[in-house]
Structure formats: C-alpha cells, structure tokens
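# Overview (structure and organization)
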Amino acid sequence: MTNTNPVDTIDPSITGLQLDPAAETEKIVAAIRKQLRVDLKKRGLVLGLSGGVDSSVCAALAVRAVGAKNVHALFMPEADSDPESLSLGDLVAKTFGINSEIEDISSTLRAMKCYERRDVCIQNLVPEYGTDWKSKIVISNSVEGKGYNIFYLVVEDPDGNQKRLRMPTDVYLGIVAATNMKQRTRKQLEYYHADRLNFAVLGTPNRLEYDQGFFVKNGDGAADIKPIAHLYKTQVYQLARYLGVPEEICSRPPTTDTFSLQQSQEEFYFSLPYREMDICLFGLNNGVPSDQVAEEAGLTAEQVENAWAGIQSKRKGTAYLHKEPCLVTRVSEV
C-alpha cells in the first residue's frame, strides 16, 4: 500500500475533497456539543483508541468539544493485536491529555472460544493449521471485476511459508462470525464505562466505512455520536494534521488490526488504496464522469466503473447493518 500525503495528492478542483479544516472542525465540535448536551443529556464522551487516524481524530475533536477531563479513552488489545497499536493509542491520549485505561480482552475472547471457533473453521480448509500459525482474509481487486467480491484465506505456518486459498462460504462466514466477537466485546466495554460515567459513546467510522458497511453490527457500528461518518478518508487525514495528531499516526497505513497476520483495510475490504477509493466514491456520489475520475485516480475508465460496481455491491450486501430492528408495527402493507 502506498503511503502518501492525501493533502498533497488530491486535486480539489477535480475531486472536491479538499477541506477547510478550521471550518470543518468548528462545525463538528458544535454538533458534538449540541448532540451530547441537548439530545443525549450526557456529561462527556467515551471512545476506543486503536492507534489509527480515525479514532485519533475523534479523540482530538472530543477534547475540543467538551475538554480533556470529560473524555475517557480505552485501549482494548487482544492476542492478535499489533503491539504498536497500544503504544500509538497511548501517544494520542498523552498528546491530548485524555484519561485512559487498558482493558485487555484476550481472556474474554478465549472464554467465548473466539480463537478456537476461528481455528476450527480454518482447519476445515487447512487441516494442519495450529495455534502457532497465523492467518488473515483478503479480498479480490474490485477494479478487475464487475462487482463480485471473492474472499481468500491466507495462512502462514511457523516457518513463514504462506498459502492463499479461496474459501467456501461456510468457512468465510465462520471466521467472520468468530472475529466479530472482538468488536462486540470492545463495544460492550465502551458502554460499561459510558454508563458508569454518565458519558456517551463516540463512534469512529469514516465515510468509506460507514457508506460501504465496513463495521460490525452492535460492535464498532454501535455508538451515540459518529462525528466523522460524513468525511472521506483523505479528509480525515487533513483534519488529523490540522488538529495536531502525532505524525507517527498520520503516516501509518490504515489496518484492520483484527487478524494475526498484518492486514491492510485495502486487502480486507476496499480492494483499493484509500486515496483511489475516495476519488471513486466521490465521483459516484457526485455524478462525475468515469473518465474524469479515472484521470485523477490513476485508473482506466473501465477500472473506475468496476470499482463503482464493487461499491454498489457492498452497499446492497450490507444495507441491513444500517437498519433498525424489525417490529411488527412496521411491516409494510402489501
């Protein structure tokens, strides 16, 4: 994944992705204050700090909105977490003067057999897979297809040898179901601390994640306020630099930090680097011709149209994540 500075590489005259960071910060901060005090009637904000740019920007915005003493951050590592995530999260908390604490969720996940359930699913495809192996899920490149998402399992043995295998549906669903326990356990802890402090929970999805369903229902998709869900990823980076998020985080490629093998968000879900995906999504949302989008993104018009098909496919497949619970009184009359 290419590590680029989005502010320098996005042409605002073509994409419209350039922000006025000061004005955007003021707008978001005002919204958080109103939502927290008027709509939710809470004293402060709880959020999970992952060491990524999205949660770091949300932490900085929260401090501007309600003051550092009214923001509580949680670090929630588990057995597969990158140790760097904890150190970077701690750096953010110290940078903005936020109270924080560690809630290691490894023992909880083991008690729920998260890792065991995942490994059993993998062993259906790779019988020799053991606890000393590593794994991740990757997705096919959407610009090379017509909106069909094919998922592969990558496993690595203790000697560092890797294999990539196409997964049958039951294996894929089983692995995802097990790993989703991680996001749901973290959110349970966020709400525990929010309840005891009379705070609200701050969600951290950006527009790419929110739009295309890159979140777990009742997991990282649950929150009381989502302050950056309207911002493209490149815009989040613009705000990060304006707000003083440490450069170590601004220059770190986005990761899922979910699987034992290092995995980018591009590999797992979006299939394009965030810069190109931002441009494609912006073009789709704003009716920009595919050839114009292609020129800015460094793709062909056909690749852009394939990326658009992938976006629409993800929107359709994950639409249920945005829905409220179904009630009998809401059944449409035929």
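Residues numbered from 1 in each chain as written. Predicted model: local features only at pLDDT ≥ 70, side-chain atom pairs only at ≥ 80, totals over all residues. Heavy atoms only, no water.

Moving on, we get to the overall build of the protein chain. Scanning the protein chain for helices and strands turns up 15 helices and seven strands. Burial statistics for the protein chain: of 334 residues in total, 53% are counted as buried. Approximately 15500 Å² of the protein chain is accessible, and the part contributed by carbon and sulfur atoms is 50%. (Helix = DSSP H or I, 4+ residues; strand = E, 2+ residues; numbered from the N terminus. Buried < 20%, exposed > 50% of the residue type's maximum accessible area, 1.4 Å probe, protein only. Areas by Shrake-Rupley, 256 points an atom, 1.4 Å probe, with all protein chains shown as cover.)

Once that is clear, we can look at the sheet that holds strand E5 (residues 151-156). With antiparallel pairing, three strands are arranged side by side in an open sheet as E4-E5-E6. Edge positions in the sheet fall to strand E4 (134-139) and strand E6 (162-166), since each of these pairs with one other strand and no more. Geometrically, the sheet is characterised by an average inter-axis angle of 25° between neighbouring strands, direction not taken into account. Sheet analysis places E5 next to E6, joined by five bridges and oriented antiparallel. Across the sheet, residue Leu153 finds its bridge partner in E6, namely Leu165. (Pairing = 2+ DSSP bridges. Axes fitted to C-alpha atoms, helices over the stretch in contact; angles between N-to-C directions.)

This brings us to the nonpolar core. With 58 residues, the main nonpolar core has Leu45, Leu47, Leu49, Val57, Leu61, Ile98 and Cys280 as its most contacted residues. At 10 residues, the largest contribution of residues to this core is made by helix H4 (residues 53-66). If we skip the residues at most four places from it in the chain, Val57 touches Ile228, Val236, Leu239, Ala240, Leu243 and Val245. Counting residues in hydrophobic clusters, the runner-up holds 15 residues, among them Ile137, Ile139, Phe151 and Leu153. (Core = buried A, V, L, I, M, F, W, Y, C linked by side-chain atoms within 4.5 Å. Contact = heavy atoms within 4.5 Å.)

As a further point, take H4. Helix length check: H4 (14 residues) gives 20 Å between terminal C-alpha atoms against 20 Å at 1.5 Å per residue, within 8%. H4 sits mainly inside the fold: 13 of its 14 residues count as buried. One or two steps after H4, the chain reaches Gly67, where phi turns positive at roughly 90°. (Expected span 1.5 Å × (residues − 1).)

On to the sheet that holds strand E1 (residues 45-48), then. Strand pairing in a sheet takes place through backbone hydrogen bonds and is either antiparallel or parallel in direction. Taken in spatial order, the four strands make up an open sheet running E3-E2-E1-E7, and their pairing is parallel. Because the sheet does not close on itself, it has two edges, and the strands there are strand E3 (99-102) and strand E7 (200-201).

Glancing now at the confidence of the model for the protein chain. Put simply, the protein chain has an average pLDDT of 89, and 89% of its residues get 70 or more. Ignoring residues within four places in sequence, the model shows residues 1-10, a span with pLDDT below 50, making 25 contacts including any to other chains. (pLDDT = per-residue confidence, 0-100.)

The subject of this paragraph is the packing of helix H13 (residues 274-286) against helix H14 (residues 290-297). How two helices pack is summed up by the angle between their axes together with the distance between the axes. Following both chains from N to C, one finds H13 and H14 inclined at 160°, their axes separated by 10 Å at the closest point. Taken as axis vectors, H13 and H14 run roughly antiparallel relative to one another. Taken as a pair, H13 and H14 cross one another with a handedness that is right-handed. From H13, Arg275, Glu276, Ile279, Cys280 and Gly283 reach across to H14, where they touch Val293, Glu296 and Ala297. For the contact of H13 with H14, the residue count by class is four nonpolar, one polar and three charged. (Parallel < 35°, antiparallel > 145°, perpendicular 65-115°, else oblique. Left-handed = near helix turned anticlockwise from the far one by under 90°. Nonpolar A, V, L, I, M, F, W, Y, C, P; charged D, E, K, R; others polar.)

Now for the pattern of salt bridges. In this structure the tally under the stated criterion is 17 salt bridges. Note that Asp39 is salt-bridged to Lys34, the shortest N-O span being 3.0 Å. Given the relative accessible area of 45%, Lys34 is considered partly exposed. Between Asp80 and Lys182 there is a salt bridge; the shortest N-O distance is 2.9 Å. Separated by 102 residues along the polypeptide, Asp80 in the loop between strand E2 (71-75) and helix H5 (83-96) and Lys182 in helix H8 (residues 169-197) bring together distant segments of the chain. You'll find Asp80 and Lys182 in the same group, each marked buried. (Salt bridge = Lys/Arg side-chain N within 4 Å of Asp/Glu carboxyl O.)

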